Amino acid sequence: MRGRSSLALAVMLAISASLPTVQVCTRREVDWWGGRREPHNRGRRAENDAAALAKAEAKRQRKAAKRLASVAASTADSDGHNVSS
(Lines give C-alpha, C1' and ligand atoms only; values in the text may rest on other atoms or scores of the structure.)
Protein backbone atom coordinates (compact mmCIF):
# COMPACT_ATOMS: atom_id res chain seq x y z
CA MET A 1 0.00 0.00 0.00
CA ARG A 2 2.89 2.32 0.73
CA GLY A 3 4.24 1.98 -2.78
CA ARG A 4 0.96 3.00 -4.39
CA SER A 5 0.52 6.10 -2.20
CA SER A 6 4.09 7.18 -2.95
CA LEU A 7 3.49 6.66 -6.64
CA ALA A 8 0.22 8.63 -6.48
CA LEU A 9 1.97 11.45 -4.63
CA ALA A 10 4.76 11.54 -7.21
CA VAL A 11 2.24 11.67 -10.07
CA MET A 12 0.30 14.50 -8.41
CA LEU A 13 3.49 16.49 -7.85
CA ALA A 14 4.55 16.01 -11.46
CA ILE A 15 1.15 17.10 -12.74
CA SER A 16 1.01 20.15 -10.47
CA ALA A 17 4.52 21.20 -11.49
CA SER A 18 3.59 21.15 -15.17
CA LEU A 19 0.40 23.24 -14.77
CA PRO A 20 0.64 26.99 -15.29
CA THR A 21 0.33 29.06 -12.16
CA VAL A 22 -2.30 31.75 -11.75
CA GLN A 23 -1.51 34.85 -9.78
CA VAL A 24 -4.38 35.77 -7.53
CA CYS A 25 -3.36 39.37 -6.96
CA THR A 26 -0.46 41.49 -8.02
CA ARG A 27 0.97 44.29 -5.99
CA ARG A 28 2.21 47.41 -7.66
CA GLU A 29 5.56 48.14 -6.15
CA VAL A 30 7.01 51.63 -6.05
CA ASP A 31 10.05 52.00 -8.23
CA TRP A 32 12.41 54.16 -6.22
CA TRP A 33 14.50 54.98 -9.28
CA GLY A 34 11.76 56.76 -11.20
CA GLY A 35 10.33 54.24 -13.65
CA ARG A 36 6.69 54.63 -12.57
CA ARG A 37 5.41 55.01 -16.14
CA GLU A 38 2.92 57.74 -15.28
CA PRO A 39 1.83 60.11 -18.01
CA HIS A 40 3.23 63.61 -17.83
CA ASN A 41 -0.03 65.54 -17.73
CA ARG A 42 0.69 67.92 -14.89
CA GLY A 43 -0.46 70.96 -16.88
CA ARG A 44 -3.77 69.34 -17.76
CA ARG A 45 -4.27 68.30 -14.15
CA ALA A 46 -3.74 71.91 -13.02
CA GLU A 47 -6.29 73.12 -15.59
CA ASN A 48 -8.83 70.60 -14.33
CA ASP A 49 -8.20 71.64 -10.72
CA ALA A 50 -8.65 75.33 -11.58
CA ALA A 51 -11.89 74.59 -13.44
CA ALA A 52 -13.21 72.56 -10.52
CA LEU A 53 -12.37 75.36 -8.06
CA ALA A 54 -14.13 77.95 -10.25
CA LYS A 55 -17.20 75.71 -10.53
CA ALA A 56 -17.31 75.17 -6.77
CA GLU A 57 -16.98 78.89 -6.07
CA ALA A 58 -19.83 79.69 -8.47
CA LYS A 59 -21.99 77.08 -6.75
CA ARG A 60 -21.20 78.58 -3.33
CA GLN A 61 -22.18 82.04 -4.58
CA ARG A 62 -25.46 80.77 -6.04
CA LYS A 63 -26.35 78.98 -2.81
CA ALA A 64 -25.47 82.06 -0.73
CA ALA A 65 -27.68 84.27 -2.92
CA LYS A 66 -30.53 81.77 -2.67
CA ARG A 67 -30.13 81.60 1.12
CA LEU A 68 -30.08 85.38 1.39
CA ALA A 69 -33.23 85.68 -0.71
CA SER A 70 -34.95 83.02 1.38
CA VAL A 71 -34.04 84.75 4.64
CA ALA A 72 -35.11 88.15 3.31
CA ALA A 73 -38.46 86.78 2.14
CA SER A 74 -39.22 85.03 5.42
CA THR A 75 -38.36 87.95 7.73
CA ALA A 76 -40.17 90.77 5.90
CA ASP A 77 -43.93 91.18 6.13
CA SER A 78 -46.15 92.78 3.46
CA ASP A 79 -45.27 96.34 4.62
CA GLY A 80 -41.59 95.70 4.27
CA HIS A 81 -40.91 95.77 7.99
CA ASN A 82 -38.88 93.10 9.68
CA VAL A 83 -40.87 90.71 11.80
CA SER A 84 -39.39 89.85 15.15
CA SER A 85 -39.85 86.25 16.14
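Refer to the structure above for everything that follows.
Being a predicted model, the structure only gives us computed values, none of them experimental. (Residues numbered from 1 in each chain as written. Predicted model: local features only at pLDDT ≥ 70, side-chain atom pairs only at ≥ 80, totals over all residues. Heavy atoms only, no water.)

(A) Geometry of the overall build of the chain. The secondary structure content of the chain amounts to 2 helices and 0 strands. A burial count over the chain gives 0% of its 85 residues as buried. Of the accessible surface of the chain, which amounts to about 8,800 Å², a share of 58% is contributed by carbon and sulfur atoms. (Helix = DSSP H or I, 4+ residues; strand = E, 2+ residues; numbered from the N terminus. Buried < 20%, exposed > 50% of the residue type's maximum accessible area, 1.4 Å probe, protein only. Areas by Shrake-Rupley, 256 points an atom, 1.4 Å probe, with all protein chains shown as cover.)

(B) A positive patch on the surface, seen in detail. Taken together, K55, K59, R62, K63, K66 and R67 make up a surface patch of like positive charges. With respect to the helices and strands, the residue R67 is situated in helix α2 (residues 42-75). Residue class for R67 comes out exposed when judged on its relative accessible area of 53%. (Patch = residues over 30% accessible without salt bridge, like charges linked within 9 Å, V, L, I, M, F, W, Y side chains within 5 Å. Salt bridge = Lys/Arg side-chain N within 4 Å of Asp/Glu carboxyl O. Lys, Arg positive; Asp, Glu negative; His and termini not counted. Charge placed at Lys NZ, Arg CZ, Asp CG, Glu CD.)

(C) Molecular detail of the pattern of salt bridges. This structure, assessed with the given rule, holds 2 salt bridges. Residues R44 and E47 are paired through a salt bridge, measuring 3.0 Å at the closest nitrogen-oxygen approach. On the criterion of helical spacing, the pair formed by R44 and E47 is a turn pair, its members being 3 residues apart in helix α2. Overall, E47 belongs to the partly exposed group, its relative accessible area being 47%. The residue R60 makes a salt bridge to E57 at a minimum N-O spacing of 3.0 Å. Highlighted residues: R60 and E57, both in helix α2, separated by 3 residues, approximately one helical turn. Among the residues examined, R60 registers a relative accessible area of 48% and is labelled partly exposed. A relative accessible area of 35% means that E57 is categorised as partly exposed.

Keep in mind these numbers describe shape, not what the thing actually does.
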